[in-house]
Structure formats: C-alpha cells, structure tokens
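This is what each chain is made of:
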Amino acid sequence: MPRYRSTRGADLVSFEEALLRGLAPDGGLYVPDSVPPIDFSGDSFQSISRSVLEQWVGDEITDLDSVVTDALNFPVPLVPLGGGLHVVELFHGPTLSFKDFGARTMARWMSRFLDTRGEDVTILVATSGDTGSAVADGFAGQERIRVVLLYPKGKVSPVQERQLIVKRPGVRALAVEGDFDDCQRMVKDAFLDPGLADVNLTSANSINIGRLLPQMLYYVWAAHLLASKDVLFCVPSGNLGNLTGGVLAHLSGLPLRGFLAAHNANDFFPRFLSKADAAFAPTRATLSNAMDVGAPSNFERLKSLLPAAQMRELIRGESVSDEQTLESMRRVYEESGYLADPHTAVALEAVRRVNAPGPVAVLSTAHPAKFPETVREALGFEPEAPVRLAELWEREVEVEPVAPALEALRELLRT
Ligand SMILES: *Cc1c(COP(=O)(O)O)cnc(C)c1O
C-alpha cells in the first residue's frame, strides 16, 4: 500500500501521519509514492468503495466496512439528460454538497487514529461556504475531535449561515465581526501562536490527502454504472481537489477518456492548460462562489502526479462567466427540465462548448436549493428545499460573536 511523500521532499510517511498532519512540515502537500491497482468488484456504491479504499488504506484502517457504511450512507444517482450526457449527483449527503464525501470519511479516519494514540485535537476552520458546513457536520460527535468554525458575520447567505450555526455536539460556530480575510488571518495566526501551543490545533481543508481519497469513489461508481471505459468526466473546479480525486482513480487504473476542468472567471487552470506561462491571479467573486480560487492549492499536487505534457493530454479546461452560468441554468432547464445549481451549470456550459461525442459524466457538486437567490435570478422561481435543508430551520442554533482579532479567538479557544 502506498506511503506518502511531500511534493517538496522525499521522506515517506504513513497514511496516518499524512492525514493527521495535513500539510507536510516543509509546506508541501502529501502525494502517494505509488498507486495501487483498483479492484472494481462490487455492485453497490458502498461495496465498490470498500474494495477501492481497501487497496489504499486497508493496512492502517481495519474497520473500513463500518467507516464506509457510516460515512457514505447516502445515494449517488446518475441522471441521464439525453444524447450521452449524464449528471452524477454528489449532493445527497447531509450538507448537500460533494464536500460531504471527504469530510465525513476523513472525520472517521481521524477519530480512529486519535483514539489509538490517546490524543485530542481541535479543528479550526475559516469558512465562507460549503467546506465549513461539511466539516461541522462530518466531524460532529466524533470522539477526541472538537471543531471551531469561523465565518464572516453577515457575509454568507442565509442558507449557508443556517448550515453553519445549527447546534452540533463538539462544534462551536464563531461569527467574526469582519470579512473572510479576517477569518483566514485569525486561523493562520492561531496556528503560529505560542500561547495556543498546548491546544493541538489542526485543519481539515481540501489539501488533506484524507479528503482526496474518498473523492476517487464516485468516478469509479459512475464508470461502473455507465459500463464504459470511455467516459469524459466534467468537473466543476476551484481548488482542484475534486479533479485530483479523479486523476488518482485514473492512475490507479480506472479507464476513462479524459477530464474537462470547468472553472468560473477564476481561470488560472484553463490558462495553464492552453499555454505554458500562466500565473496565479487574485481571486474574483462569482455566482459559483465555492469555486472562487485564484491560486488552486492542489495544482502543486497535480503537477507532481502528472508531467505537464501528460496533464494537457488528459485534461482540458474551460472558463465560464457569470452571465454564461445563468444562461446555462436557463438552457438546461428549458431543454431537459433539469435544475442545476450554479457550479453544475458552469460544468454543463463547458460540456456544451467542447461538444464531445460519447458518454459524458458531469459531476454535480451542490444542490440547487443551496443557492435560491441565483436560481431565482436565472429562472424566476426558487427551488424546492429538500427535507434536510428545510428541517434546519426547526433546529436549535448556537453562535458566538467574536471580534476580528487573535486575542479574542485565543480567549475562546481556552474556554
Ligand atoms: C468546493 C466546491 C467546488 C470546487 O471543488 P474543488 O475540489 O475545490 O475544485 C465545486 N462546487 C462546489 C459546490 C463546491 O462546494
């Protein structure tokens, strides 16, 4: 089974070490030193997932069965839109985005390792969207883990805020009187603060290898359902973690035609794929805000997994504007009656542009009901909220206001 090395070094560590560290001590990201061949056996999402993960982490996680059935306990349906185009719906988890796959699985893996070590950790997350709620929900109630979430007060949508502040065991939500940059700065400062050295802080963001491994599973599952070795996967992308999951599955032997990385106006990666000298750019705010990333952190990992020439052969990139995103939501709804969220709509527009023959699987990363304002802008009505979302408004909430300063956060972390 693979060991892990930093993208900037050669030392090998166990999966446990890579998972608990997140970022390597030299600042690099962990990548596997080898990829095990995938065993495709199984006929349900859970059974296929179990056999894939067995090849990767089976020597260190002995109860994979219960991890998979407990963490991935929601359906992953494939919806045909006609003409070989399919949508793989990854938003049926508790917080209605694909981030549930990584967060829920990683939480259980972490909790098991910490239990054996007899250690406790506090996960500190600055969030403006899907990651925060997926981490809060995925890690809630896990032994030896507590979660502290920071979000900018008044700067997230009403649905997003509700998802962050509902009361969960072991989770504290802090409404920072500032913007998202303040939240990120406070988290960064807390990690470097000698006054908090004894708190054992860790992060759970998308650079953790523990979030990437579960993101291979739905590629394998979709290829299985389509019974095809020639699927083109179209991935709504920001930090490139979802895409990296697909690339790991492919390197593990999953046969497929290629990937289409669909980005919004934050188009570094499409620019890189079409010419050699692209540079990171400042982040721009768009309607598909979970993909607003000017400098994708997983790019470093992707480069170390695939030489640039091979990357350009396997992956194509497209950038879609907000106007085109709204237009895509309207077109798809009129043509097939399918209601896509803004992130999925970016991917559907990218697919339309490249006009690819044969089976195409568009990964749908969020439920449209998470973005009622944008759906209304595109289509003139609001999507019906699934039970999971509707019931949030019945639940108890708990949120603590905090000044945008490290001292205020330190105070709270010590109580
Ligand atoms: C996080 C997110 C993305 C982007 O995924 P990356 O792994 O960062 O590329 C796309 N869509 C939604 C809804 C997300 O929450």
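To be clear, the structure that these remarks concern was listed above.
Reference entry: report on the structure contained in this document. Small disclaimer: the values here were computed from a predicted structure and weren't measured. (Residues numbered from 1 in each chain as written. Predicted model: local features only at pLDDT ≥ 70, side-chain atom pairs only at ≥ 80, totals over all residues. Heavy atoms only, no water.)

Turning to the overall build of the chain, a few remarks are in order. In terms of regular secondary structure, the chain is built from 18 helices and 14 strands. Here the chain has a C-alpha radius of gyration of 20 Å; the compact-globule value for 415 residues is 22 Å, and the two agree. Overall size of the chain, expressed as C-alpha extent along the three principal axes, is 60 × 50 × 45 Å. Residue pairs at least 24 apart in sequence account for 74% of intrachain contacts in the chain once pairs closer than 6 positions are excluded. Looking at the chain as shown, the accessible area adds up to about 16100 Å², and 50% of this sits on carbon and sulfur atoms. For the chain, the separation between the mean place of its 40 positive charges and that of its 54 negative charges on side chains is 2 Å. (Helix = DSSP H or I, 4+ residues; strand = E, 2+ residues; numbered from the N terminus. Rg over C-alpha atoms; globule rule 2.2 N^0.38 Å. Contact = heavy atoms within 4.5 Å. Areas by Shrake-Rupley, 256 points an atom, 1.4 Å probe, with all protein chains shown as cover. Lys, Arg positive; Asp, Glu negative; His and termini not counted. Charge placed at Lys NZ, Arg CZ, Asp CG, Glu CD.)

Moving on: the pattern of salt bridges. The tally for this structure, following the rule as stated, stands at 31 salt bridges. Salt-bridge contacts for Arg117 lead to Glu119; the nearest nitrogen and oxygen are separated by 3.8 Å. Since its relative accessible area comes to 34%, Arg117 is described here as partly exposed. The partner of Glu327 in a salt bridge is Arg330, with the nearest N and O atoms 3.5 Å apart. (Salt bridge = Lys/Arg side-chain N within 4 Å of Asp/Glu carboxyl O. Buried < 20%, exposed > 50% of the residue type's maximum accessible area, 1.4 Å probe, protein only.)

The environment of the ligand is formed by 15 residues, the closest being Lys99, Asp130, Gly238, Asn239 and Thr365. Within the backbone of Gly238, one N or O atom sits 2.8 Å away from an oxygen atom of the ligand. In this structure, Leu240 approaches the ligand through a main-chain N or O atom, which is 2.9 Å from an oxygen atom. If the ligand stood free it would expose 390 Å²; the protein chains cover 97% of that surface. A per-class count over the shell around the ligand returns six nonpolar, seven polar and two charged. (Near = heavy atom within 4 Å. Polar contact = N/O pair within 3.5 Å; in protein donor to acceptor, adjacent residues only side chain to side chain. Nonpolar A, V, L, I, M, F, W, Y, C, P; charged D, E, K, R; others polar.)

What the rule picks out here adds up to 19 aromatic pairs. Centroid distance Tyr219 to Phe259: 5.9 Å. Interplanar angle 75°. Geometry classified as edge-to-face. Here Tyr219 is found in helix 9 (residues 217-226), whereas its partner Phe259 is found in strand 11 (residues 258-263), with 40 residues between them in sequence. Phe259 carries the same exposure label as Tyr219, and that label is buried. One aromatic cluster is present, formed by Phe45, Phe74, Phe101, Tyr218, Tyr219, Trp221, Phe233 and Phe259 through successive ring pairs. (Phe/Tyr/Trp six-rings, centres within 6.5 Å; stacked < 30°, edge-to-face > 60°.)

Now for the packing of helix 9 against helix 10 (residues 241-251). Two elements in contact, helix 9 and helix 10, have axes separated by 8 Å at closest approach and are oriented at 60°. In terms of axis orientation, helix 9 runs oblique to helix 10. Here helix 9 contributes Tyr218, Tyr219 and Val220 to the contact with helix 10, which in turn contributes Asn242, Leu243, Gly245, Gly246 and Ala249. (Axes fitted to C-alpha atoms, helices over the stretch in contact; angles between N-to-C directions. Parallel < 35°, antiparallel > 145°, perpendicular 65-115°, else oblique.)

Let's shift gears to the packing of helix 2 (residues 45-57) against helix 9. Packing of helix 2 against helix 9 brings their axes to within 10 Å, and their N-to-C directions diverge by 125°. By the criterion of interaxial angle, the relationship of helix 2 to helix 9 is oblique. Considering only the axes of helix 2 and helix 9, their crossing is right-handed. In contact with Phe45, Ile48, Ser49, Val52 and Leu53 of helix 2, helix 9 contributes Leu217, Tyr218, Val220, Trp221 and His224. Of the residues that constitute the contact of helix 2 with helix 9, the class distribution is eight nonpolar, two polar and no charged. (Left-handed = near helix turned anticlockwise from the far one by under 90°.)

Right, let's get into the pairing of strand 8 (residues 171-176). Buried residues dominate strand 8, accounting for six of its six residues. Note that strand 7 (residues 145-152) and strand 8 share six bridges and pair parallel. If you follow Val147 over to strand 8, its bridge partner there is Val171. Of the crossover connections in this fold, the one passing from strand 7 over helix 6 (residues 158-165) to the parallel strand 8 is right-handed. Sheet topology note: the strand 8/strand 14 (residues 400-402) ladder contains three bridges and is parallel. Bridging across to strand 14, Ala175 finds its partner in Pro401. (Pairing = 2+ DSSP bridges. Right-handed = clockwise from strand over helix to strand, strands pointing away.)

Sheet architecture is open: five strands sit in the order 9-6-7-8-14, paired in parallel fashion. The open sheet has two edge strands with one neighbour each: strand 9 (201-202) and strand 14. In this fold helix 5 (residues 130-139) packs onto strand 6 (121-126), strand 7 and strand 8, with an angle of close to 160° to the strand it touches most, strand 7. Sheet strands in contact with helix 18 (residues 406-413) are strand 6, strand 7, strand 8, strand 9 and strand 14, and its direction is about 145° off that of strand 14.

Let us now look at the sheet that holds strand 1 (residues 4-6). Backbone hydrogen bonds hold the strands of a sheet together, and the pairing may be parallel or antiparallel. Taken in spatial order, the three strands line up as 2-1-3 in an open sheet, and their pairing is antiparallel. The strands lining the two open edges of the sheet, one partner per strand, are strand 2 (12-13) and strand 3 (30-32).

The subject of this paragraph is helix 4 (residues 99-117). For helix 4, which comprises 19 residues, the first-to-last C-alpha distance of 27 Å matches the rise-based estimate of 27 Å (1.5 Å per residue) to within 8%. Where burial is concerned, most of helix 4 is hidden: 15 out of the 19 residues are buried. Just beyond helix 4, the residue with positive phi is Gly118, at close to 70°. (Expected span 1.5 Å × (residues − 1).)

Below, the discussion takes up unusual backbone geometry. Comment: phi is negative for the bulk of residues other than glycine, and the bulk of peptide bonds are trans. The backbone of Asn200 shows a phi angle near 55°, a positive value even though the residue is not glycine. Relative to the helices and strands, Asn200 is located in the loop between helix 7 (180-192) and strand 9. Of note, the phi angle at Asn355 is positive, near 50°, even though the residue is not glycine. Structurally, the position occupied by Asn355 is in the loop between helix 15 (342-354) and strand 13 (360-364).

Treat this as a map of the structure, not an account of what it does.
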